Amino acid sequence: AIGALAVVPRLLAYVSRTNSRELFLLTAISLCLVVALVSQQLGVSLALGAFLSGIMISERPYGHQVIAEIMPLRDLFASLFFVAIGMLLNPLFIVSHWAEVSILVLLLILGKALIAGASAWIATRSVWSSVLAGVALAQVGEFSFVLATLAHSGGLLSNSLYNLFLAGAVVTLAVSPALIAGTPALLARLPLFRFARRAERAAVEEHRGLKDHLILCGFGRMGRSIGLALQSYRIPFVVIELNGEVTEELEARGIRHIYGDAFNHLVLEKANLRQAACLVLTMPDPVIVLHVITFARGENPEIRIIARASRSQDVDLFRAAGADAVIQPEFEASIEATKMALVSMQRPRDEILRALREIRRRGYMIFRPQLASETFVEFPHEDYFGVWFSYQGADARKIEDLDVRKRTGATILAIRRGGAVIPHPDASTAVQQGDELYVAGDGQQLEKFERSFPVSRFCPISEGTSDELSQEVNSDEQIG
């Protein structure tokens, strides 16, 4: 108890501050070995000591990262374990005692499924989850082999009973994958379980509060600014961070976070990636960013992915992998530095705005050359702005037939179709399903446009960026 509550948490917290994955993994393995050896010296088996050390680590906030790090080792040793178990089995015993083995297998599966399922139902009150938990635990556990071997070597278990146990245990392990894979499909066909599953999913998402949220990978200088802004506007988000000192800061600020490396799939799944609305990647390593983009796009095709690119050559690579937006912090910083320099030189306001627009125009040619050459509109005041919409209408219609201006007061300033941009389309231009419309107006006009037509808002961000398609609002705020 002292080790689980005092020693292990402090040791893992100290190691996590080093931000070294290798040291973290080595510490976790060393803890398991030390606890196992100490347990053996106290008269408890080595395997039980390793089991206890695993529980001690898994109960800490670092547990999922430990699991992620040791998964390759787990798979390796699991393979060796099952090969060793298979070598202990005598196939002739199963053939000659098939009736006894069949009865034992049936009793083991039914008995363990009922006990585990009832325990899960008492703990969760979830019918679906309790049934799945019971089936998943219906096979003989690995620790049972340890106990049976010790009992046999101590003379407490006869050879016939030991062989019967081994035969039944191996058979349950063999049929377990089929049971686990087939049970959800079987339950889904039963109306009672389908209803329970829908209700439980809604309850779980409401309890977790992780639905349509933002996942922020990294809480460095860039990530901290994003996170604090999200927190101030009460936008639900979760931070994935591997630096122990940063996670302590997140804990102090009351920000939901997960200790771990976003490179690992288990950590991303812990953040409920499949239900997230947006993923922001602030890590400087392009290899990690590319891996996360590819995995996230496969798990959640609808998620919006915003990635940081330290090098201009990574932009196209990230986009090809599935990123919706690619940001270059150095480029944005150069714009701010230029603005401050011109302001300090007391240059005229119009000259500063022209300079900043020219920098953005040239800079964003890296991201989207066909958009960078277009200036769609400059808005007279901040209440008038542009928004991207995706047109979902089944039939193609001309702009004059839509009568957007008369019905809503808004104006279609550009149409993007298949990568090509149609700036300032005339009334005879047809709007087709899947077209991306850049519409300008005030807040009420844009809301009316959204209600009046089969469209949905989206934000392409760095695809030309809103700065390139609307007034330089950010640059205009503090000038002068």
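Preceding this paragraph is the structure being described.
From a predicted model like this one, the values you see are computed outputs, not experimental measurements.

Calculation criteria
- Residues numbered from 1 in each chain as written.
- Predicted model: local features only at pLDDT ≥ 70, side-chain atom pairs only at ≥ 80, totals over all residues.
- Heavy atoms only, no water.
- Helix = DSSP H or I, 4+ residues; strand = E, 2+ residues; numbered from the N terminus.
- Buried < 20%, exposed > 50% of the residue type's maximum accessible area, 1.4 Å probe, protein only.
- Contact = heavy atoms within 4.5 Å.
- Areas by Shrake-Rupley, 256 points an atom, 1.4 Å probe, with all protein chains shown as cover.
- Pairing = 2+ DSSP bridges.
- Axes fitted to C-alpha atoms, helices over the stretch in contact; angles between N-to-C directions.
- Phe/Tyr/Trp six-rings, centres within 6.5 Å; stacked < 30°, edge-to-face > 60°.
- Lys NZ or Arg CZ within 6 Å of the ring centre and 35° of its normal.
- Lys, Arg positive; Asp, Glu negative; His and termini not counted.
- Salt bridge = Lys/Arg side-chain N within 4 Å of Asp/Glu carboxyl O.
- Right-handed = clockwise from strand over helix to strand, strands pointing away.
- Patch = residues over 30% accessible without salt bridge, like charges linked within 9 Å, V, L, I, M, F, W, Y side chains within 5 Å.
- Arc of directions from axis to C-beta.
- Charge placed at Lys NZ, Arg CZ, Asp CG, Glu CD.
- Parallel < 35°, antiparallel > 145°, perpendicular 65-115°, else oblique.
- Left-handed = near helix turned anticlockwise from the far one by under 90°.
- Nonpolar A, V, L, I, M, F, W, Y, C, P; charged D, E, K, R; others polar.

A. Expanded view of the overall build of the chain. What the chain contains, in helices and strands, is 23 helices and 13 strands. Per-residue burial over the chain gives 40% buried out of 480 residues. Across the chain, the fraction of contacts at a sequence separation of at least 24, relative to all contacts at a separation of at least 6, is 67%. Of the roughly 26400 Å² of accessible surface on the chain, a fraction of 61% belongs to carbon and sulfur atoms.

B. Representation of the sheet that holds strand 3 (residues 257-259). Pairing in this open sheet of 6 strands is parallel, and the strands run 3-2-1-4-5-6 from one edge to the other. On the outer flanks of this sheet lie strand 3 and strand 6 (325-327), each paired with one strand and no other. When the angles between neighbouring strand axes are averaged without regard to direction, this sheet yields 15 degrees. One ladder, built from 4 bridges, connects strand 4 (residues 278-281) with strand 5 (residues 304-308); its direction is parallel. Looking at strand 5, one finds that Cys278 is bridged to Arg304. With respect to the sheet, helix 14 (residues 286-299) is in contact with strand 4 and strand 5, its orientation differing from that of strand 5 by roughly 180 degrees.

C. Representation of the packing of aromatic side chains within the structure. As enumerated under the stated definition, the model contains 3 aromatic pairs in all. An angle of 50 degrees between the planes, with centres 5.3 Å apart, marks the rings of Trp388 and Tyr438 as tilted. Pair noted here: Trp388 is in strand 7 (residues 385-391) and Tyr438 is in strand 12 (residues 436-441), with a separation of 50 residues, a long-range link. Taken together, the ring pairs connect Phe389, Phe449 and Phe453 into an aromatic cluster. The aromatic ring of Trp388 is capped on one face by Arg416, whose charged end is 4.3 Å from the ring centroid.

D. Looking closely at the side chain of Glu241. Tracing the sequence through the fold places Glu241 in strand 2 (residues 237-241). Despite its burial, Glu241 remains without a salt bridge, the nearest opposite charge being carried by Arg224 at 7.6 Å.

E. Main features of the pairing of strand 4. Neither face of strand 4 is exposed, since Cys278 and Val280 on one face and Leu279 and Leu281 on the opposite face are all buried. The pairing of strand 1 (residues 214-217) with strand 4 spans 4 bridges and is classified as parallel. Within strand 4, the position partnered with Cys217 by the bridge is Leu281. Chirality of the crossover, the property in question, places the unit of strand 4, helix 14 and strand 5 among those that are right-handed.

F. How the structure looks around a nonpolar patch on the surface. Among the surface-exposed residues, Val34, Val38, Leu42 and Val44 lie close enough to one another that they form a single nonpolar patch of about 350 Å² accessible area. Locating Val34 in the fold gives a position in helix 2 (residues 21-41).

G. Region of interest: the pattern of salt bridges. With the rule as written, the count across this model stands at 8 salt bridges. Notably, a salt bridge pairs Glu249 with Arg253, separated by 3.0 Å at the nearest N-O pair. With Glu249 and Arg253 both in helix 12 (residues 244-253) and 4 residues apart, this pair spans about one turn of that helix. Under the relative-accessibility criterion, Glu249 is labelled partly exposed at 23%. A salt bridge links Arg457 to Glu450; the shortest N-O distance between them is 2.9 Å. Among the ionic contacts, a cluster of salt bridges with common partners joins Arg224, Glu249 and Arg253.

H. The arrangement of the pairing of strand 9 (residues 411-417) in detail. Within strand 9, 5 of the 7 residues are buried, leaving the element largely enclosed by the surrounding structure. Pairing geometry for strand 9 and strand 12, over 5 bridges, is antiparallel. By the bridge assignment for strand 12, Thr411 is matched with Ala440. The sheet contact formed by strand 9 and strand 10 (residues 420-423) spans 4 bridges and is antiparallel. By the bridge assignment for strand 10, Arg416 is matched with Val421. Hairpin connection, strand 9 to strand 10: the antiparallel pair is bridged by 2 residues, and Gly418 has positive phi, about 60 degrees.

I. How the structure looks around unusual backbone geometry. Positive phi values are uncommon outside glycine, yet Asp212 reaches one of about 55 degrees. By the secondary structure assignment, Asp212 is in the loop between helix 10 (191-208) and strand 1. With a phi angle near 50 degrees, His424 is a residue other than glycine that sits in the positive phi range. Assignment of secondary structure puts His424 in the loop between strand 10 and strand 11 (430-431).

J. Looking closely at helix 12. If you check which residues of helix 12 are buried, you get Gly244, Val246, Thr247 and Leu250. Take helix 12 and look down its axis: the buried residues cluster within an arc of 155 degrees, on one side only.

K. Summary view of a positive patch on the surface. Residues Arg397, Arg407, Lys448 and Arg451 make up a contiguous surface patch of positive charge. For Lys448, the position within the fold is in helix 21 (residues 443-452). Look at Lys448 and you get partly exposed, because its relative accessible area is 36%.

L. The arrangement of the environment of Ser16 in detail. Positionally, Ser16 belongs in helix 1 (residues 2-16). Under the relative-accessibility criterion, Ser16 is labelled buried at 1%. Along the backbone, Ser16 and Glu245 are 229 residues apart, and their C-alpha atoms lie at a distance of 7.5 Å.

M. Main features of the packing of helix 14 against helix 15 (residues 314-321). As a packed pair, helix 14 and helix 15 sit with axes 9 Å apart at the nearest point and diverge in direction by 20 degrees. When the axis of helix 14 is compared with that of helix 15, the two are roughly parallel. Taken as a pair, helix 14 and helix 15 cross one another with a handedness that is right-handed. Along the contact surface, helix 14 presents Pro286, Val289, Leu290, Ile293, Thr294 and Arg297, while helix 15 presents Asp314, Leu317, Phe318 and Ala321. Counted by class, the contact of helix 14 with helix 15 contains 7 nonpolar, 1 polar and 2 charged residues.

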